[in-house]
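Take a look at the letters that make up each chain.
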Amino acid sequence: MIFTGLEDSTPPENPCLLAISSLSLSAFQNASRHRRTSTQLLGILLLYSSFSPLNAENPGFAFFEKKIRPVLSEHCYECHSVNAKKVGGKLLLDSRTGILKGGESGPLFDRDNPEESLIVQALRWVDELEMPPEDPLPETVAHDFVKWIKLGTPDPRSNKPSSGEENDPPPTDPAALWSFQPVTVPKVPDLQKSDWVRDPIDQFILTRLEAEGHEPTRDADAETLMRRLHFDLIGLAPTAGELASFRAEFATDKRAALESLVDRLLATPQFGERWGRHWLDVARYGESNGNDGLGRNPTFPNAWRYRDYVIAAFNADLPYDRFVTEQIAGDLLPATTADERNRQLTATGFLAIGYKPAAAMNQNFAMDVVDDQINVVSTAVMGLSVSCARCHDHKHDPIPTRDYYAMAGVFNSTETLWGSAANEKLTAPPTPLHALRDTLEEPAADSTKEPPPDFAKSYGESIESLEPVVHARLDEKPEDLVIEKGVKFSSEQFAEVKEGRIRLEAPIPAHSYTVAFWFRNDLDNSARAITTYLFSHASPGDKKQTGDHIGIGGTHDKSLTGKFYLWNGVTRNQNLAGHTVIPTGSWNHVILVRSGKKVRLYLNGDPKPEIEGEMDVTAPDDRKIFLGARNDRFAPLQGSLAEFAVWNRALDPAEAQSLHAASGQPRRTHRKALGWAMGARDKKKIANCKVNIDGNSKKLGPVVPRGFLSACKTSSDPPSIDETSSGRLQLAEWLTSGDHPQTSRVMTNRIWLHLFGRPIVTTPDDFGVYGARPSHPELLDHLAHRFVTDLDWSVKKMIRTIVFSRTYQLDSRGAASELLKADPDNILMARHSRRRLDAESLRDRMLQASGRLNLSPPAGSAIDDVDILLNWPAGEAKYLHEASTHRSIYLCMLRDSPPPELSAFDLPDGIKVAGKRDLSTAPNQALYLFNNLFVIEQARVLAESLLDNNPSASDEDHIHTAYQRALQREPTQAEVVRSVAHLREVFSLLASEGTTAIPQAWTSLCQALLASSEFRYVD
Amino acid sequence: MPNRRALLRSTSCGFGYLALNALCSAQTKATPAEASLSPKRTPLPARAKRVIFLCMPGGPAHLDTFDYKPQSGKKEHPGSVFEFSQHGASGLWVSELFPEVAKHVDKLCVLNGMHADTGNHAQSFLQLHTGEKLRRRPSIGSWVTYGLGTENQNLPGFISLNAHESTVASSAFLPTIYGGTSIGVSGEDMSKATIANVAGSHLSDQVKRSQLNLIQAMNRDHLASRQDDPQLESVIASMELGFRMQSVAPDLLDISNEPAEVLERYRVGKKISVGTCRPSDFGRQCLLARRFAEAGVRFIEVTHNGWDQHKNHRRDLRANCESTDAPIAALLEDLDQRGLLEDTLVVWGGEFGRPGLKPGDKKDETGHNAKGFTFWLAGGGVKAGLAHGRTDDTGARAVEGKVHFRDLHATILHLLGLEHDKLSFHHQGRLHRLTGPLGGAVVKEILT
């Protein structure tokens, strides 16, 4: 596969080896790198001489021939003539028409101001366009061109290009455009051998088989079928017990046994974990950005929500059209419950989780994000690479640049929410995230200012009874506190603060103290970076802010917006944050208790602290307490304060409870955010996109109305996009219209791939001209049509249909040798293909064998509270991969730092859409099986459990159990003998049968089972 | 090969050949999903069989090392703050900072006309390795391994030592087996760095051998009951190869049996930490590179970080040169003596160069310069004792014999017998190649 095309189709010629990334000069640089051949030079000389007779007739022509043509031919024709390998900027300089017409950047001549002419500017390298690109020509040349323009650009050349033909790419073979044709409803062929057939699928398969003179192989036996279905549908092995009972049922009633098995498997939550992972490959799922090109790799702490969404969607059998729609436009769909709303918002994570190149020094960053979205939507759903058209009309697929920018307008009108990108603006500017809520209602936009609480009369006494160092109601100017300007006291409103501050002079111990107060913040959370600092326990003017601080987050860090956080200064820089969003204008009661490293912040009488954790004490004991602003006056409160009290000890939880209870105010809860999801939403400003010439966002062409691919025809007109929305909903509607030529075929092919190991179209992500042709085009259309009409886009029903076909149930063994010889790749599907377990299934099966597999899904991800840059060397990533016994899909999929337990077995990198995984067989996999600690651990646990569970059993019994646990079958007598021989050999090698030798020998045996090819391959 | 299975069943000796065959036969009908590392025939005659890339991240100061700019004319211009002298029969100029390398100058082909697109470290470093400044593309080591396979199946085909960036070893969209195997990443203690999973101490070597025999017996049974399945044959071969790698790779990494003279000559264990010069144990890296080259590894990249001496230019540059000078000289000497230099291409350079300083100038700070800088090649198919190309008088711009990274890539592939414009891989709707859409030109002037 190195030097030529694909297995099922050999492309006609060199495909578009052209820029997708080139900047404005690419075309010119391109050709200038190629050394001109002597024949080309000769051609130019001949041309020159053929026109020379004209010299005498027109002095302008003579000037052209002497001064202009040599320059054009010497420096320009290489890229700007019909003979150029690629015409730069759509500009042809080798004919009069061409030079008068100009190129992508516009006309060349400004006849009123010749000096300002584009061609002169380019020659002088004054602006962005610098021609020729290698080095500027002498000023005399530019001067000659100015003179020539003043003369009226006399040009003796013909209007036609001087030689060659039109520069269009060669016409494409219409058969190569098969996927753009409507899905047909092929007639199901009649067959003579109809007793073999169970489903029309079989008729299509058998027709081709018979036409090529082959017969299908025998049916697979019960055991093979059950193993195959288990791995295909849920990615796990059946137990030996399940196999035994299935064999019995199968012997009685094949059909019933299979139906009940398949329905049971489709209904287990493990189905979604298996098939969800297939989709995550397509969705280029990753939990960090991946190296952004500048060595930075920010985590995506909320990406796992999209993972869980996908798993749930497959388990719920969300119809595929709906699944696609939610991922592209879930935020635009109506929701009737909070759950539905949250789910649909999470679905749009599909558009946000992609890898992004760094924003720094990248003027095209915004369009790079758009490009990723266009690419993932078109490749995942349509199997088409649209990205080539970013820079030029697609050379072979019928995708013009115009269509690319029609789609770009849709995504450019979309705001992508990837989160903080670890607060590294050079990687990506921070964005908000979708806030998931427990209510459907939007939170009130502008909160009114609540009146102060009506405190119980005895509140003050109750506070005093706990013996505070200081207590002030703040309804009048307190005596024992220092009031800095900007505080107004009244019995109605308590202390109203604006740029003011209250200070306690008496030192309060740093290791153990309590502070309590009521406050109302009137500033909107979007007003500034930090909404407010309410409290500091620090030294005035200490620029390192050593001490404790309570703040409410603003716009700086979207994950903290409106929420409390505790911070202990620049030196240690530790943060603890709450979950509750404090509504602007609401009164709230806060108690902060520090006891050594432990800190608790109680809010509004909730016995469960809003913040609880450990935070270093960062400053000595002589610090002051500030209320209403930070110690350096940063981010002062705009609002009110009341009932302030300080203790030089840590109140216990009961005391803290009583402190709130005594206020006479009800416990109150504010809306808690359930969490955040990456995703997308419409921008406020909806706009069509301009063509970016050569993919350069600073070099703009005409505006293209938002729309879709013109070459993919549906029976009705594509939905129109109104001015108020991005058009994502219409894009989804168009893709899922049922008769979209690619959508149903692509997904049908993906499902077929995962059941047979070989797709009908062997390039599942490329249904374009360069992709493979379907091996069974009629079967593909038949199934695609059924998928949409009979099966209502149900993936589970589709799987059910296919696995009940006779073709699926064929044996992988026992094929006739002529067949093997004639069809080594099993294109005809006369037998079933044996397949290696993928990385996830292999690990899961090892955990099954050791008995350690935990089938319950974990909550979140190992990094759901880690918002950092993983920089190379990946030292930090090492500890992020926690040991886990959950299924592999839940391991932390950091880009550029994949889980070490999976990385040896062709795990996709999460950068590209990967509909079909590589299936390599390499020595590093053997090394993994020999020496990886995870593998050894599973072998050890299995060995120990054999010995521990039944200490009195014989070696033979243990071997039987080991085979059942690992391979779900009984060993043959020969295998028992061989295993015993291995144990004996290990004993003799270790010269003992003692306490160390026995576990070692059994671990070695169990590891051999896990490393065997039988363990890794499914028939 | 009708006897293959029988042979496999009968014995496990002679596996090298059989393994090769198994992998080769998979290759004949290879799809991307069944990629292979077996050696491949080259479309052009190969002048080099392997590459050792001495990667110098940060931007080595070309004017203070291999690009001599004598002062001429009345006005002093930027040149070097270090002394230069001519060496060897070729009379090439080398600065005083590389006294040991200077002794081997007649082996070098110095490219003084290098240029690249950008003076940003990360982007230019990426372009040096992948041809592309920003996007994910396979590194040159992956392309070479993809194009050529590897000679010794007991070892990885592409090894990167002390890598500065993950991209160095990335196969991107090429099949994963063409990715580099990392030994240590930037700054790790190279004396402890090793290949992932290459060793395990839970079983003794003898027990492991016995275990392998058991595994292979199971695998052969599995294969025997399942007809001729190349996948399962490959598994058997890969287990054997992996097993061998367990002893071969650690043995190669274990340099304790090298004579003291060799360790001294390579300056193994010498770690200089001055300013930007990080302790890279470059001597150990170079010695390992020689050992890997001898063992038939296709592409070996070693790294000394880093040459980005902005301030303290003189001090830090001196330290960087001192860290690498003797190890490089020892490597060149050994390769030559063992006849390996003939078919091993050694490449030295970083992502760009630096502007010069005026001699006698008190200024001690330099920046980046991508418009003109120096690489040198040695061995496999390049002219020795030659300086090709030049920068202008101030060293700021390459003006003659200009060689872009794309041209360098094209030349390296050409020397290895690969056609740079044909070595390609289909991805995302088009064919990709190392030299990108713009293509590169083989620097014919330097070929022997």
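Residues numbered from 1 in each chain as written. Chains lettered and ligands numbered in written order. Predicted model: local features only at pLDDT ≥ 70, side-chain atom pairs only at ≥ 80, totals over all residues.

### Points about the overall build of chain B
The condition is simple: Secondary structure elements follow DSSP: runs of H or I of four or more residues count as helices, runs of E of two or more count as strands, with numbering from the N terminus. Residues with at least 20 neighbouring C-beta atoms inside 10 Å of their own are called buried, those with 12 or fewer are called exposed, and the rest are partly exposed, where every C-beta is derived from the backbone. Here the contact rule is simple: place C-beta atoms from the backbone, and any two residues whose C-beta atoms are within 7 Å are in contact.
Looking only at helices and strands, chain B has 11 helices and 15 strands in total. C-alpha atoms of chain B, sized along the principal axes, occupy 85 × 50 × 35 Å. Taking all 448 residues of chain B together, the buried fraction comes to 63%. Long-range pairs, those at least 24 residues apart, make up 72% of the contacts in chain B with a sequence separation of at least 6.

### Considerations on the interface of chain A and chain B
Filter applied, for reference: Amino acids are sorted into nonpolar (Ala, Val, Leu, Ile, Met, Phe, Trp, Tyr, Cys and Pro), charged (Asp, Glu, Lys and Arg) and polar (every other residue, Gly among them).
Opposite the 73 residues of chain A that make contact, chain B presents 72 residues. Secondary structure elements with two or more residues in the side of chain A that touches chain B: helix 1 (26-33), helix 27 (923-931), helix 30 (973-990), helix 31 (997-1011) and helix 32 (1013-1016) of chain A. At seven residues, the largest contribution of residues to the side of chain A that touches chain B is made by helix 27 of chain A. Partitioned by chemical class, the residues of the side of chain A that touches chain B number 32 nonpolar, 25 polar and 16 charged.

### Here we look at the pairing of strand 13 (residues 587-595) of chain A
Residue and element names in this part refer to chain A. Spelled out, the test is: Strand pairing is assigned whenever DSSP identifies at least 2 bridges connecting the two strands.
Taken across its nine residues, strand 13 has eight buried, putting it largely inside the fold. In terms of strand pairing, strand 8 (residues 512-521) meets strand 13 through nine bridges, oriented antiparallel. Bridge assignment links Val 515 to a residue of strand 13, and that residue is Leu 592. Where strand 13 lies against strand 14 (residues 598-603), six bridges are found, and the strand directions are antiparallel. Its bridge partner lying in strand 14, Ile 591 is registered against Tyr 602. Joining the antiparallel neighbours strand 13 and strand 14 is a turn of two residues, in which Gly 596 adopts a positive phi near 65 degrees.

### Focus on the sheet that holds strand 10 (residues 547-553) of chain A
All names here are of chain A. Going by this rule: What counts as an axis is a line fitted to C-alpha atoms, over the stretch in contact for a helix, and the angles between N-to-C directions run from 0 to 180 degrees.
Ordered by their spatial adjacency, seven strands build an open sheet running 4-7-16-9-10-11-12, and the pairing between neighbours is antiparallel. The strands lining the two open edges of the sheet, one partner per strand, are strand 4 (482-484) and strand 12 (575-577). Ignoring strand direction, the axes of neighbouring strands in this sheet form an average angle of 20 degrees.

### Details of the nonpolar core
What counts is decided by this rule: The nonpolar core criterion groups buried Ala, Val, Leu, Ile, Met, Phe, Trp, Tyr and Cys residues into a set whenever they are joined through C-beta atoms within 7 Å.
One finds Met 678, Cys 1006 and Leu 1010 of chain A together with Leu 54, Val 347, Trp 376 and Leu 377 of chain B to be the most contacted residues of the largest nonpolar core, which totals 290 residues. No other element matches the 10 residues that helix 7 (residues 230-253) of chain B contributes to this core.

### Here we look at the packing of helix 8 (residues 222-234) of chain A against helix 9 (residues 240-252) of chain A
All names here are of chain A. So the rule is basically this: Each angle receives one of four descriptions, namely roughly parallel if under 35 degrees, roughly antiparallel if over 145, roughly perpendicular if within 65 to 115, and oblique otherwise. Take the far helix as your reference; a near helix turned counterclockwise from it by less than a right angle gives a left-handed crossing, and one turned clockwise gives a right-handed crossing.
Running from N to C, helix 8 and helix 9 cross one another at 125 degrees; their axes reach a closest spacing of 9 Å. The pairing of helix 8 with helix 9 is recorded here as oblique in orientation. The hand of the helix 8/helix 9 crossing is right-handed. Two secondary-structure elements touch here, helix 8 through Ala 222, Glu 223 and Met 226 and helix 9 through Leu 243, Phe 246, Arg 247 and Phe 250.

### Overview of the domain arrangement of chain A
Threshold: The split into domains, and so the bounds of each, comes from an automatic or database assignment of domains.
Once the domains are mapped, chain A shows domain 1 (26-150), domain 2 (280-442 + 678-735), domain 3 (459-670) and domain 4 (933-1018). For domain 1 of chain A versus domain 3 of chain A, the separation of C-alpha centres amounts to 73 Å.

### Focus: the confidence of the model for chain A
Residue and element names in this part refer to chain A. So the rule is basically this: A residue's pLDDT is simply how confident the predictor is in it, with values from 0 to 100.
On average, residues of chain A carry a pLDDT of 86, and 91% of them reach 70 or more. Below a pLDDT of 50 lies the segment residues 1-57, which in the model reaches 112 contacts outside its immediate sequence neighbourhood of four places, other chains included. When the criterion is pLDDT under 50, residues 161-171 qualifies, and its contacts beyond four places in sequence or with other chains add up to 17 contacts.

### Some remarks on helix 25 (residues 839-850) of chain A
All names here are of chain A. Quick note on the threshold: Here the expected span of a helix is defined as 1.5 Å times the quantity of residues minus one.
The end-to-end C-alpha distance of helix 25 is 17 Å, a good match for the 16 Å that 12 residues give at a rise of 1.5 Å each. Within helix 25, burial applies to Ala 839, Glu 840, Ser 841, Leu 842, Arg 843, Asp 844, Arg 845, Met 846, Leu 847, Gln 848, Ala 849 and Ser 850. Elements in contact with the buried residues of helix 25: helix 8, helix 11 (269-282), helix 28 (933-949), helix 29 (955-967), helix 31 and helix 32. After helix 25 finishes, the residue Gly 851 shows a positive phi value of roughly 85 degrees.

### Considering the confidence of the model for chain B
Residue and element names in this part refer to chain B. Per-residue confidence for chain B gives a mean pLDDT of 88, with 92% of residues at or over 70. Scored below 50 in pLDDT, residues 1-34 makes 51 contacts in the model with residues more than four places away or belonging to other chains. Of the two predicted TM-score estimates for the complex, the pTM is 0.75 and the ipTM is 0.79.

### Section: the pairing of strand 2 (residues 84-87) of chain B
For a regular strand, the rule is simple: side chains alternate between the two faces of the sheet. All names here are of chain B. The sheet contact formed by strand 2 and strand 3 (residues 92-95) spans four bridges and is antiparallel. Counterpart to His 87 in the pairing with strand 3 is Leu 92. Joining the antiparallel neighbours strand 2 and strand 3 is a turn of four residues, in which Gly 88 adopts a positive phi near 65 degrees.

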